[in-house]
Amino acid sequence: KAGVTQTPRYLIKTRGQQVTLSCSPISGHRSVSWYQQTPGQGLQFLFEYFSETQRNKGNFPGRFSGRQFSNSRSEMNVSTLELGDSALYLCASSLGGRETEAFFGQGTRLTVV
Amino acid sequence: SQKIEQNSEALNIQEGKTATLTCNYTNYSPAYLQWYRQDPGRGPVFLLLIRENEKEKRKERLKVTFDTTLKQSLFHITASQPADSATYLCALYTGGFKTIFGAGTRLFVKA
């Protein structure tokens, strides 16, 4: 079956702009989690959605937001981009229960200039 | 504060040897812990899960231990191969549908 698909793969934006990233989970998976990965910080948890509801979120400013649609596809949005937002953004899908394996997409590489 | 620590320095070993990676955590009581592998430019790939009431878990050449008293997990790759070269991440389920990751340890296996 198809894996987790993230679009776009690469993105260059200017400070102050906003950006929307998309994640299509594996068919049948209802949970989508988003992570920011930077060389110094590793993977930082952004938020988790299940059946269109945000069940948890990490310690990121309100400029970072997300949503999930009825088909489980998810988007995250970053407004008023800052240079420090440059990172690899990864989404992971799973069935959503405890002890379920997370399947990651290849990520979106965002560069803010 | 809550922290997950993995060896920040890369681990270099010779082919055929056993690689041992460490994951330490503080101020968490995870129900389970996972290990993932990440190759450059790709997302992490799940390897193993070990529960808090399990001491050891094996899968082929991989072995994971979990000591909730020491708050430590060890990840072993036996008979290592150059193809095992990658970054290895430990991840803790902290409850509330939230999994947090360590920064990872880079492993280089030389032929």
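Now for a description of the structure that goes with this document. (Residues numbered from 1 in each chain as written. Chains lettered and ligands numbered in written order. Predicted model: local features only at pLDDT ≥ 70, side-chain atom pairs only at ≥ 80, totals over all residues. Heavy atoms only, no water.)

## Here's the deal with empty space enclosed by the protein
One water molecule sets the probe size; rolling that probe over the atoms shows where empty space is left. Summed over all chains, the structure comprises 1 cavity of 30 Å³ or more. By volume, the largest cavity amounts to about 240 Å³. Contributing to the lining of the largest cavity are 22 residues, with Ser33, Ser94, Thr100 and Ala102 of chain A together with Thr99 of chain B lying nearest its centre. At the level of elements, strand 4 (31-38) and strand 9 (87-94) of chain A together with strand 4 (32-38) and strand 10 (99-101) of chain B are the ones that each hand at least two residues to the lining of the largest cavity. (1 Å grid on protein atoms, 1.4 Å probe; cavity = no way out; pocket = protein on both sides within 12 Å on 5 of 7 lines; lining within 4 Å. Points joined across faces, edges and corners; volume = space filled by probe spheres on them. Helix = DSSP H or I, 4+ residues; strand = E, 2+ residues; numbered from the N terminus.)

## Here we look at the nonpolar core
Core analysis: the biggest nonpolar cluster contains 24 residues, and Ile4, Trp35, Phe75, Tyr88 and Leu92 of chain B have the highest contact counts within it. Contributing elements (two or more residues each) for this core: strand 3 (19-26), strand 4, strand 5 (45-51), strand 7 (62-67), strand 8 (72-77), strand 9 (86-93) and strand 11 (105-110) of chain B. One finds Val4, Leu46, Met76 and Cys91 of chain A within the second-largest nonpolar core, a separate group that totals 21 residues. (Core = buried A, V, L, I, M, F, W, Y, C linked by side-chain atoms within 4.5 Å. Buried < 20%, exposed > 50% of the residue type's maximum accessible area, 1.4 Å probe, protein only.)

## Let's talk about the interface of chain A and chain B
A common measure of how large an interface is: the accessible area buried when the components associate. Listed per partner, the contact involves 21 residues of chain A and 22 residues of chain B. Around 1,700 Å² of area is buried between chain A and chain B when both sides are counted, 52% of it from carbon and sulfur atoms. At the junction of chain A with chain B, the criterion picks out 0 salt bridges. For the interface between chain A and chain B, the tally reads 4 residue pairs in polar contact (both at pLDDT 80 or more). If you list the elements that add at least two residues to the side of chain A that touches chain B, you get strand 4, strand 5 (42-50) and strand 6 (53-57) of chain A. Residue contributions to the side of chain A that touches chain B peak at 4 residues, all from strand 5 of chain A. (Contact = heavy atoms within 4.5 Å. Buried area = accessible area lost by both parts, 1.4 Å probe. Salt bridge = Lys/Arg side-chain N within 4 Å of Asp/Glu carboxyl O. Polar contact = N/O pair within 3.5 Å; in protein donor to acceptor, adjacent residues only side chain to side chain.)

## Looking at the state of the cysteines
Under the definition given, this model contains 2 disulfides over all chains. Two residues, Cys23 of chain A and Cys91 of chain A, share a disulfide whose sulfurs are 1.8 Å apart. The sign of the S-S torsion, about 65°, decides the handedness of the disulfide formed by Cys23 of chain A and Cys91 of chain A: right-handed. On the criterion of sequence distance, the pair formed by Cys23 of chain A in strand 3 (residues 19-24) and Cys91 of chain A in strand 9 is long-range, its members being 68 residues apart. By relative accessible area, Cys23 of chain A is classed as buried at 0%. On the accessibility criterion, Cys91 of chain A (0% relative accessible area) is buried. Between Cys23 of chain B and Cys90 of chain B runs a disulfide, and the two sulfur atoms are separated by 2.0 Å. Its S-S torsion of approximately 55° makes the covalent link between Cys23 of chain B and Cys90 of chain B right-handed. Of this pair, Cys23 of chain B sits in strand 3 while Cys90 of chain B is found in strand 9, placing the two residues 67 residues apart along the sequence. You'll find Cys23 of chain B and Cys90 of chain B in the same group, each marked buried. (Disulfide = S-S within 2.5 Å.)

## Describing unusual backbone geometry
Residue and element names in this part refer to chain A. The omega torsion across Thr7 and Pro8 is -10°, close enough to zero to call that bond cis. By the secondary structure assignment, Pro8 is in the loop between strand 1 (5-7) and strand 2 (10-13). Here Glu52, not a glycine, exhibits a phi torsion of approximately 75°, which is positive. Relative to the helices and strands, Glu52 is located in the loop between strand 5 and strand 6. Even without glycine at this site, Ser72 takes up a positive phi of about 75°. Relative to the helices and strands, Ser72 resides in the loop between strand 7 (64-68) and strand 8 (74-78). Judged by its relative accessible area of 11%, Ser72 falls in the buried class.

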